Amino acid sequence: MFHLIFSLPSWYVIARVIIPLSLPLAIKILLSALVLLASQYLLVSRFTSGGIFSAEMPRIIIILFNWAYSTVLLLALLQMLMDAVMLIALLLRYPLELVPGIRYLAVVLAMMLAAVGVQQAIRVPPVKEVTLVLPNLPAEFEGYQLLQLTDLHITRLFNRVWTAAMVERAMSLNADLIVVTGDVIDGSLEHRRHDVEPLRALTASDGVWAITGNHEYFFHQAVWTAHLASLGLQPLLNSHTVIQRGAAKLVIAGLPDASAAGRNAIGPDLARALAQAPENAPVILLDHQPRNARQNAAQGVDVQLSGHTHGGLIIGLDRLFAKPNAGFVSGLYQVDEMQLYVNNGTALWPGMAVRLGRPSELTRITLRRQR
């Protein structure tokens, strides 16, 4: 069923774009086969050593699959738009005919947009500056900077070379503290050990702290948590750390991913995470998925940092991500008395590596006092 759903844009393109073209039947059959193949990257991944969530194939093949499927998806959307216009015109009794060659133009446009989208997805992200104003921030923490990394999905696509370049850019920002809000990897430790090694160079004066995302639980989460800790990514799973500047304190708390309990692991427990935390200190919570933001706000959290959604990938289609994430997809939200920042992601899952209007980001967060 999963693979059938991914193939739906392909069937639409075959029916509404390829079949109407003035081409020999053999060419139409070949194009249809290629379009269907483009939609089956995940099925092909199943036959590699890594499986559906970690395609162990050459990077260029992964890039080409993503470009091809993105082309098919965007072409299907363009054709749907043309069909909608023609249907409306027909209902208004002003029937239209497609301009000769417009389908070829749509194909070229979809291919170009897909190339841009994949390039935007796989680049080392630019820095995004975010300022959060906290009413209860002690004066000692005025201007305090956190760097949020999330959804790295270190794989054959986001490999050692990409990771090293990302770490180098991250370290140039000189943040006081680095937080990693889940989905660091896709793949087994055997497959990814070499690719994650550059993370060892991540350092900050107040530490590098990490939580789990849902993808860690696909690949022996406990093993990965221990290995990432050996690289310097200290786990915050239903626990917190206290940052001090003189007598002033700032609490950084972290939760396991919301999916953990369903994978025979310890699930999120905010009360436990905040147990014995200093009173009246601002609380910054790391929670991979944003869907529980309202419940977290009700328990006195000041700021929640999340990822998971990849920003919705394509502007306009991002609304498809809203419902499963309680309406939170990208950017800054005010949730009762709590501020929620949903990061677009440092990278994304290689199964859908395209971004249009929802750029990746290295997110430097500066804390300010309310004046």
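Residues numbered from 1 in each chain as written. Predicted model: local features only at pLDDT ≥ 70, side-chain atom pairs only at ≥ 80, totals over all residues. Heavy atoms only, no water.

A. Summary view of the pattern of salt bridges. Going through the model one piece at a time under the given rule, you end up with ten salt bridges. With its nearest N and O atoms 2.7 Å apart, the salt bridge here joins arginine 245 to aspartate 206. Here aspartate 206 lies in the loop between helix H7 (189-196) and strand S4 (208-211) and arginine 245 lies in strand S6 (residues 239-245), a separation of 39 residues in the sequence. Note on arginine 245: relative accessible area 26%, which makes it partly exposed. (Salt bridge = Lys/Arg side-chain N within 4 Å of Asp/Glu carboxyl O. Helix = DSSP H or I, 4+ residues; strand = E, 2+ residues; numbered from the N terminus. Buried < 20%, exposed > 50% of the residue type's maximum accessible area, 1.4 Å probe, protein only.)

B. Region of interest: the sheet that holds strand S3 (residues 177-181). Here six strands make up an open sheet; going across it, the order is S1-S12-S2-S3-S4-S5 and the pairing mixed. In the strand order of this sheet, the two ends are held by strand S1 (127-134) and strand S5 (234-235), each with one partner. Bridge count between S3 and S4: four bridges; the pairing is parallel. Pairing of isoleucine 178 across the sheet is with valine 208, part of S4. Helix H6 (residues 160-171) rests against strand S2 (145-149), S3 and strand S12 (362-369) of the sheet, and its axis sits at about 20 degrees to S12. (Pairing = 2+ DSSP bridges. Contact = heavy atoms within 4.5 Å. Axes fitted to C-alpha atoms, helices over the stretch in contact; angles between N-to-C directions.)

C. Quick peek at the UniProt feature "transmembrane region" (unreviewed entry) in the protein chain. Per the UniProt record, "transmembrane region" (unreviewed entry) is found at residues 25-44, 64-92 and 98-118. A helix fraction of 90% and a strand fraction of 0% characterise residues 25-44, whose end C-alpha atoms lie 27 Å from each other. The span residues 98-118 is 81% helix and 0% strand, and its two end C-alpha atoms sit 29 Å from each other. (UniProt positions renumbered as here; feature names shortened; annotations may be inferred.)

D. Inspection of the UniProt feature "domain: Calcineurin-like phosphoesterase" (unreviewed entry) in the protein chain at higher detail. The feature "domain: Calcineurin-like phosphoesterase" (unreviewed entry), as annotated in UniProt, sits at residues 146-311 in this numbering. Annotation note: span residues 146-311, helix share 23%, strand share 22%, distance between end C-alpha atoms 20 Å.

E. Summary view of the environment of tyrosine 41. Structurally, tyrosine 41 is set in helix H3 (residues 41-46). As a C-alpha pair, tyrosine 41 and histidine 240 span 199 residues in sequence and 40 Å in three-dimensional space. Beyond its immediate chain neighbours, meaning those up to four positions away, tyrosine 41 contacts Ala55, Met57, Ile62, Phe65, Pro350 and Gly351.

F. Seen up close, unusual backbone geometry. A positive phi is found at histidine 153, a non-glycine position, where the angle reads about 45 degrees. Note that histidine 153 resides in the loop between S2 and H6. The backbone of histidine 220 sits at a positive phi, close to 55 degrees, despite the residue not being glycine. Within the secondary structure layout, histidine 220 lies in the loop between S4 and helix H8 (221-230).

G. Focus on a nonpolar patch on the surface. Taken together, the side chains of Ile27, Leu30, Leu31, Leu34 and Leu37 make up a nonpolar region of the molecular surface, amounting to roughly 420 Å² of accessible area. Tracing the sequence through the fold places isoleucine 27 in helix H2 (residues 25-38). (Patch = residues over 30% accessible without salt bridge, like charges linked within 9 Å, V, L, I, M, F, W, Y side chains within 5 Å. Areas by Shrake-Rupley, 256 points an atom, 1.4 Å probe, with all protein chains shown as cover.)

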